[in-house]
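Breakdown of the fold
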Number of protein chains: 2
Amino acid sequence: MYSIEEIIEPETIAIVGSARRNEFYFLRSLVAAGFKGAIYPVNPHVKSAYGLKFYKSLSEIPDKIDLIICAVKAKLVPEVVREGVEKGVKCIVIFSSGFSESGTEEGKRLEKEIVEIARKRGVRIIGPNCMGIYYPEHGLSFRTDLRRKRGPVGFVSQSGGHAIGFSLAGNDAGIFFSKVFSFGNAADVTASELIEFLTRDEKTKIIAVYIEGVKDGPRFMRAIREAALRKPVIVWKGGKTEAGSRAAASHTGAIAGSPKILDAVFTQTNAVQVESFDEILDTTLAFTYCPPVYENRVGLISISGGSGVTNSDACTKTGLEVPQLSEETRKKLGSVISGAGTSVKNPVDLAGAYLNPEAVSTTVETLGAEPYIDSIIFEVQVHYPSFLAKFVDTPELAAMIYKTISDSCKEVLEEYGKPVLIAIPPIGYHEAVRIARDMFLEAKLPVFPSVDRAAKALANMARYYKKSQKLKELEEQKPQQTAV
Amino acid sequence: MYSIEEIIEPETIAIVGSARRNEFYFLRSLVAAGFKGAIYPVNPHVKSAYGLKFYKSLSEIPDKIDLIICAVKAKLVPEVVREGVEKGVKCIVIFSSGFSESGTEEGKRLEKEIVEIARKRGVRIIGPNCMGIYYPEHGLSFRTDLRRKRGPVGFVSQSGGHAIGFSLAGNDAGIFFSKVFSFGNAADVTASELIEFLTRDEKTKIIAVYIEGVKDGPRFMRAIREAALRKPVIVWKGGKTEAGSRAAASHTGAIAGSPKILDAVFTQTNAVQVESFDEILDTTLAFTYCPPVYENRVGLISISGGSGVTNSDACTKTGLEVPQLSEETRKKLGSVISGAGTSVKNPVDLAGAYLNPEAVSTTVETLGAEPYIDSIIFEVQVHYPSFLAKFVDTPELAAMIYKTISDSCKEVLEEYGKPVLIAIPPIGYHEAVRIARDMFLEAKLPVFPSVDRAAKALANMARYYKKSQKLKELEEQKPQQTAV
């Protein structure tokens, strides 16, 4: 049986069922991703498209084939698998749906059949009912619009929709990927095996998982535990409620009974549990850009008193602390920040001093240097003051202010190794928000749409690293044992 | 003592301290809002600006003055108030800060002094430390970029920042205002009095409140209770945590001790409690566009199975139900929706059928007609299918699909009086998201950035209307009493 390592770097790919109907979707995706190997589309009704010759059948292709992407009707899939096995492929990604998730006997039978055919020769199946692999470094993709740029995040998703959504939204937020797997019904390759692979994979530094149900509970549990001992693992479980679990059953055929195992995953391992698309995105973003942080005391900076109040509430609710500043520090801040509406406590309310570069950089660097502050969240409100909102009219001023913020934030990041998170609420001026966001991302500072969301991500991250530290200490205290 | 009704429609306004330093901020705001009355800026160092003559002092103005906007340093404010009272004004909005919120004895003394001066003649003070009034119908505003368009929402905010943020973000989301008050330290006019006013105000149909602390607990409690019996009242309390309450003390001088009263507000009245900027925005948006709904059974439509699963989870977590469809209804949907990846349960997964107008409208209208479905949330994923994401390349197709959705949603809204909420996740294609969002808003359908947020708003709304109904029933059962 081929391992994941053996299947994910194909030299040649056949796309069976590449059709005009979907504008040759998978073909175009591979071309867009810059796949360097040979692509052989198979469709008896097409002669050529995108400069590629089409073949009538797999057997007609005058080359060995490593990977098949199969997008024909369910009932035709067994024949494709049979031919693929004959042809000596290593892996078949089955996009087609209409298998066990349909709930029909015929669907279940078909799924069993294809696995049996493949397993005889150790051929692996990803899916059915999935989008397959996005592996930018190797030129594999399931969309035409995902970035070729690679990064540290591995994502394992039972849902094709969430695989696409997370990859796209991730790229947009500054998250780049080592490998993304959409594995659908998990007829052969399971989440557990993919997580084990990403745990071994040196290019993957952070593992994110969307799961609806597991058939191999103990292995999944072990995979998550081992992974979370080595790298951050963020898990979003779909179908935790009765209505969601009903939907999951018809989506990927995910079976009930697994909730208990999944609960255990979160209590008995150091995986980070998240509850929504936004939270998996934000938490992954925080892990991607921030250094490890073990305590939860945050320094808050904003330019409105009301925001300072509600940001403090938001941080506290996620388990972060907003410690008071020492008398000395307040005096130091007070020497550069003064005037109506300012406050030099934590949260710091810059108010009008926001326009004074010295006030901004002194604030950020002073908070960053405090031994009882572990991280900073800086709220950048582009609509404040009002002339900054019309960013395009004041590009130099805006650029100067945002550069001051990002330079001093980078200093805290680099000199003290403390996380700095930027929040830019999308209030009114969408173009200005985009420009400001891109400037901070360019400076490698992660940007969130609210302090609430930044705080949640930061709290998740701090909890993970703190528990990691404890687990490592326990590990070191243990008498050496023979590995099982 | 003038009532709020008597002060909020000034014919003449003097702006004391209108200065080049802030680019004549309040002057420009009034001009932008189209104020029809006379504006008299006062500043001995300026001759004229924006075509208006400046005066050296209030007494020099050859006209009666109804309202003063005061933006001079704190220590100069008592003199302005004294002159204003002499001049016969009805109300003074004090933007200046440096009063009780500063925590200094001098600040507290100044605040007491100005109130004493004003009260002798019944002159009202809004603030100090506030932005004042945005009343688009009368041409009053505290920003140059707020819409002149008026609407049903009254907002009372202790924070100037949140008053601006909520008004701007509201305008952008399709929320328009009857009156917005930023009242800061509440030295004279309090949240309670403003809420009582908005309760009486026929132009205000929905009341939103941001509050940090109250000095007149019992009156506030009564005001909220009475208001919530007549219209939806949404309250966001800042400073509920220790850190937040510390920040509130230096922001608006809000005092501790009030949390208990505020807790009672939520348990003993029908006010809707919200916990974040996003939630007050979303809940206000839902109340603005949706008809009353008394039960919580929602029909979910999306075009991805994974989203269906996690949307069901999100709805359930907020207290909504996602009921199963009857066998008959499933058959009906199955006759128009078929093919790989679709699901005709609740949630409905349209998958590829999304491109078929008949499938879309049949789904929306069928769910809308079901007696056990009280509302619909339709998730529009602009990145799905991929060619729709490049909205600009396929404007006719996109417009056709979105028109089908909005037409059928409007039918449910109008024919069955059921709320329909649209969720458009901001994934990757920001321009396409904007265009789609504007199309739905144009059709008077409220748009949220996720099903999670739409669900929370819908659940808040359903809880309010259900409790309202009960309270009304109780009221009717009571023997008639003499009003106290």
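Reading guide: rules and limits
Residues numbered from 1 in each chain as written. Chains lettered and ligands numbered in written order. Predicted model: local features only at pLDDT ≥ 70, side-chain atom pairs only at ≥ 80, totals over all residues. Heavy atoms only, no water. pLDDT = per-residue confidence, 0-100. Least-squares fit on C-alpha atoms with pLDDT ≥ 70 in both. Contact = heavy atoms within 4.5 Å. Disulfide = S-S within 2.5 Å. Pairing = 2+ DSSP bridges. Helix = DSSP H or I, 4+ residues; strand = E, 2+ residues; numbered from the N terminus. Axes fitted to C-alpha atoms, helices over the stretch in contact; angles between N-to-C directions. Buried area = accessible area lost by both parts, 1.4 Å probe. Salt bridge = Lys/Arg side-chain N within 4 Å of Asp/Glu carboxyl O. Polar contact = N/O pair within 3.5 Å; in protein donor to acceptor, adjacent residues only side chain to side chain. Nonpolar A, V, L, I, M, F, W, Y, C, P; charged D, E, K, R; others polar. Buried < 20%, exposed > 50% of the residue type's maximum accessible area, 1.4 Å probe, protein only. Right-handed = clockwise from strand over helix to strand, strands pointing away.

Residues at a pLDDT of 70 or more form 98% of chain A, whose mean pLDDT is 93. On the interface metric, ipTM, the complex scores 0.95, and its pTM is 0.96.

Once chain A is rotated about the relating axis by 180° and shifted along it by 0.0 Å, it coincides with chain B to within an RMSD of 0.0 Å. The two molecules are tied by a two-fold rotation axis, judged by turn and shift. Looking at the rotation axis and the C-alpha trace of chain A, the residue lying nearest is A:H430, at 4.6 Å. Take the interface residues of chain A: 100% of them recur as interface residues in chain B, which is what a same-surface contact looks like.

For the rest of this paragraph, the subject is the state of the cysteines. The tally for this structure, following the rule as stated, stands at zero disulfides over all chains. Free of any disulfide, A:C409 has its nearest cysteine sulfur in A:C290, 11 Å distant. No disulfide involves B:C91; its sulfur sits 9.0 Å from the nearest other cysteine sulfur, which is in B:C130.

All names here are of chain B. With respect to topology, six strands assemble into an open sheet ordered 8-10-9-11-12-13, the strand pairing being mixed. Two strands bound the open sheet, and with one partner strand each, they are strand 8 (132–134) and strand 13 (272–274). Between one strand axis and the next, the sheet turns through 20° on average, direction left out of account. Each of strand 8, strand 9 (150–157), strand 10 (177–182), strand 11 (206–211) and strand 12 (233–237) is contacted by helix 5 (residues 160–173), which is oriented at about 160° to strand 10, the strand it contacts most.

Residue and element names in this part refer to chain B. Spatially, five strands are ordered 2-1-5-6-7 in an open sheet, and the strand pairing comes out parallel. The open sheet has two edge strands, strand 2 (38–42) and strand 7 (124–126), and neither has a second partner. When the angles between neighbouring strand axes are averaged without regard to direction, this sheet yields 20°. By the bridge criterion, four bridges tie strand 1 (residues 12–16) to strand 5 (residues 67–70) in an arrangement that is parallel. The residue bridging I13 from the neighbouring strand is L67, located in strand 5.

This paragraph deals with the interface of chain A and chain B. Listed as interface residues are 64 residues of chain A and, on the opposing side, 65 residues of chain B. When the two sides are added together, the surface that chain A and chain B hide from each other amounts to roughly 4500 Å², 55% of it contributed by carbon and sulfur. Here chain A is connected to chain B by two salt bridges. Between A:E275 and B:K317 there is a salt bridge, with the nearest N and O atoms lying 2.6 Å from each other. For the pair chain A and chain B, the interface holds 24 residue pairs in polar contact (both at pLDDT 80 or more). A per-element tally of the side of chain A that touches chain B places helix 11 (residues 305–317) of chain A first, with 10 residues. Looking at the side of chain A that touches chain B residue by residue, the class counts come to 18 nonpolar, 31 polar and 15 charged.

Residue and element names in this part refer to chain A. Burial runs high along strand 9 (residues 150–157): six of the eight residues are buried. With six bridges joining them, strand 9 and strand 10 (residues 177–182) adopt parallel strand pairing. Bridging from a neighbouring strand, R150 pairs with F177 of strand 10. Chirality of the crossover, the property in question, places the unit of strand 9, helix 5 (residues 160–173) and strand 10 among those that are right-handed. One ladder, built from five bridges, connects strand 9 with strand 11 (residues 206–211); its direction is parallel. Paired with G154 across the strands is I207, a residue of strand 11.

Right, let's get into helix 2 (residues 25–33) of chain B. Owing to its 3.6 residues per turn, the α-helix brings residues three or four apart onto one side. All names here are of chain B. Of all the nine residues making up helix 2, seven are buried; the element is thus mostly covered by neighbouring parts of the structure. For helix 2, every residue scored as buried is listed here: Y25, F26, L27, R28, S29, L30 and A33. Positioned one or two residues after helix 2, G34 has a phi angle of 75°, which is positive.

This paragraph deals with the environment of A:L320. All names here are of chain A. Mapped onto the elements of the fold, L320 is located in the loop between helix 11 and helix 12 (327–336). Separated by 139 residues in the primary sequence, L320 and A459 have C-alpha atoms spaced 6.1 Å apart. Not counting residues up to four positions away in its chain, the partners in contact with L320 are N296, V298, C315, A455, L458 and A459.

On any regular strand, side chains alternate: one points to one face of the sheet, the next to the other face. Residues and elements named next belong to chain A. Where burial is concerned, most of strand 11 is hidden: six out of the six residues are buried. Taking every second residue as pointing to the same face, both faces of strand 11 are buried, with I206, A208 and Y210 on one and I207, V209 and I211 on the other. Two strands pair when backbone bridges link them, and strand 11 and strand 12 (residues 233–237) are joined in this way by five bridges, in the parallel orientation. Bridged to I211 within strand 12 is K237.

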